Structures are given as structure tokens and as C-alpha cells.
Amino acid sequence: MKNTMKLEFDSISANESFARVTVAAFMTQMNPSMEEVADVKTAVSEAVTNAIIHGYNNEVHKITIFGKIENDMLELKVVDQGVGIEDIPKVMEPMYTSRPDLERSGMGFLFMEAFMDEVQVESKPGVGTTVIMKKKILKHEA
Amino acid sequence: MEIEGKITDKSLIIQLPQELDHHSADQICRETDKLATTEDIREIIFDFSRTTFCDSSGIGMLMGRYKMMNALGGTVRAVQVKGRVAKILMLSGITKIIPLES
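(A) Examining the pairing of strand E2 (residues 62–70) of chain A more closely. Residues and elements named next belong to chain A. Direction of pairing for strand E1 (residues 2–10) relative to E2: antiparallel, over a ladder of nine bridges. Note that in E2 the partner of Lys6 across the bridge is Phe66. Both E2 and strand E3 (residues 73–80) contribute to a ladder of eight bridges, which runs antiparallel. Directly across from Ile65, in E3, lies its bridge partner Val78.

(B) How the structure looks around the pairing of strand E1 (residues 5–8) of chain B. Sheet topology places E1 of chain B next to strand E2 (residues 11–15) of chain B; four bridges connect them, and they run antiparallel. The partner of Ile7 of chain B across the bridge, within E2 of chain B, is Leu12 of chain B.

(C) Just the sheet that holds strand E4 (residues 118–124) of chain A, in detail. Residues and elements named next belong to chain A. An order of E1-E2-E3-E5-E4 is seen for the five strands of this open sheet, with the pairing classed as antiparallel. Each edge of the open sheet carries a strand with a single partner, namely E1 and E4. The mean angle between the axes of side-by-side strands here comes to 10°, regardless of whether they run parallel or antiparallel. Most of the contacts of helix H1 (residues 15–27) go to E1, to which it runs at about 170°, and overall it touches E1, E2 and E3.

(D) Seen up close, the interface of chain B and chain A. The partner chain A presents 24 residues to the 21 residues of chain B that form the contact. Broken down residue by residue, the surface that chain B buries against chain A is led by His22, Ser56 and Arg84 of chain B, which jointly contribute 32%. Applying the counting rule to chain B against chain A returns six salt bridges. When the shortest N-O distance is used, the salt bridge between Glu103 of chain A and Arg65 of chain B registers 3.0 Å. The interface formed by chain B and chain A holds 16 residue pairs in polar contact (both at pLDDT 80 or more) in total. Counting residues per element, the side of chain B that touches chain A draws most heavily on helix H2 (residues 56–71) of chain B, which supplies eight residues.

(E) Representation of the nonpolar core. Judged by nonpolar contacts, the single largest core of 35 residues is most densely connected at Val48, Ile65 and Met133 of chain A. Secondary-structure elements contributing two or more residues to this core are E1, H1, helix H2 (34–55), E2, E3, helix H4 (108–115), E4 and strand E5 (128–136) of chain A. It is H2 of chain A that provides the largest number of residues to this core, a total of eight residues. When residues no more than four places from it in sequence are discounted, the contact partners of Val48 of chain A are Phe9, Glu16, Ala19, Ile63, Ile65 and Val78 of chain A. Ranked by size, the runner-up nonpolar core spans 33 residues in total, among them Leu16, Ala36, Met63 and Leu89 of chain B.

Analysis parameters
- Residues numbered from 1 in each chain as written.
- Chains lettered and ligands numbered in written order.
- Predicted model: local features only at pLDDT ≥ 70, side-chain atom pairs only at ≥ 80, totals over all residues.
- Heavy atoms only, no water.
- Pairing = 2+ DSSP bridges.
- Helix = DSSP H or I, 4+ residues; strand = E, 2+ residues; numbered from the N terminus.
- Axes fitted to C-alpha atoms, helices over the stretch in contact; angles between N-to-C directions.
- Contact = heavy atoms within 4.5 Å.
- Buried area = accessible area lost by both parts, 1.4 Å probe.
- Salt bridge = Lys/Arg side-chain N within 4 Å of Asp/Glu carboxyl O.
- Polar contact = N/O pair within 3.5 Å; in protein donor to acceptor, adjacent residues only side chain to side chain.
- Core = buried A, V, L, I, M, F, W, Y, C linked by side-chain atoms within 4.5 Å.
- Buried < 20%, exposed > 50% of the residue type's maximum accessible area, 1.4 Å probe, protein only.

Below, the structure written as C-alpha cells:
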């Protein structure tokens, strides 16, 4: 099985649920468990929220999600053209937040890593950030 | 979506929405902080009975309200937390300061 999709939307917080639900719908053809869908929805929510708050600093620009299914592997790329990240290992540390003023918990990447099999961040200051997440969807009896 | 708080005996009860994310957490912060600073409130009770989704923004919202109430000498409670949401709250470690109640 092979399938791809591209989803582009404005970086406003109302689109966080839109992005989660759309990615969840895309992955249904993999016949995932409810737990696997919930895992992916949480990870997507974290990546999109990061793009809105940190990448674009709450300004309205575009966020793109590329989805790819290859057999039992789901790959998602969440892309913004925002401020980018200077020190990637630092922002991925649990409890670290660049915006304590916004009461961010610093757990976004922790949740992405807990619920996906692989999380990779590519970023360049002034150019933007891409978060690549992979998850193997297990075989479930129908 | 409208978040509305209800005050009974110095307890502010917030009925949380189905999905607690950055979008809804911001509205909850505004409503709780407005009431907690204008009314005499000893505790905030977050009712999770309808909530089926929560991400790190929900955790940040709870942490922020905990700090605020702690500074005011009050408490924060989380009631009716179920399934997936309970798992997220436990994973975050916030249950060490806000225990889950049925």
C-alpha cells in the first residue's frame, strides 16, 4: 500500500483540531487501533501548535503537512517557514520552553517522542522548521 | 466555543471541552484568571467528564492555574479524568501536584 497527501492551512489555533482530524482520517486506511490514532493526533497537535506559537510567533502564515503511507509505515512532515530553531537539542529537552511567559509546559517534543517511533527536526534560523515523524502501524485483525 | 465558570462556595468549577488543546486552553486561561482575580475563590475544580483529547497545551494550562492558586493560597483539582486523558496527565507528571479524582 502506498499513498501520499499534502495539507496546507493557516497558522491559527482553530486549525489545530482540523489538522489532527484530517491526519487521523488519512491514516484510517492503515486500519489502526484507536490508541494508534490517538497517539498520532497528539503528536500532530504538538507539532502544529509549535509551528503556530514558536515558528510563526502567532502571526498568520501557512503550515503544510505532508503525509505518506508506505505499507505499515506512516510518515508525517509538518513544515513551517517561520523563525527556525537555533539549538535543536535544547528545544527537544523535556521541560524546556522558550516561552515560559505563555505557560508552555515544555512537553511538546516529549509527547511527540512518546507517541511516535521516530521524531526528527530539521531547522534553519530565518528559514523555517520541518518536523518529521514516523510510526509503524501494527496489523490488527478486522 | 464558550468556556464558562460556575462558582459555588468559593469553588470555581470549569467544565472542560471535549478537546483540550492550545486553542481551547487559551480561552480557559482567560476565563479562570478573570474569575480568580475578581472573586474570592479558594479552589478551581476542572471537570474532565467530557474531555477525550488533551495535549501539552492542556498540561501548561493546568500548571499555570496551579501556580496561580498556589500563590493565592488555594488549590486546583482535576475530576472525572478518564482513559487517554488520564494517561497523558500521568505521563506529564502533573498528577504529582494535581492528583486525579473520580
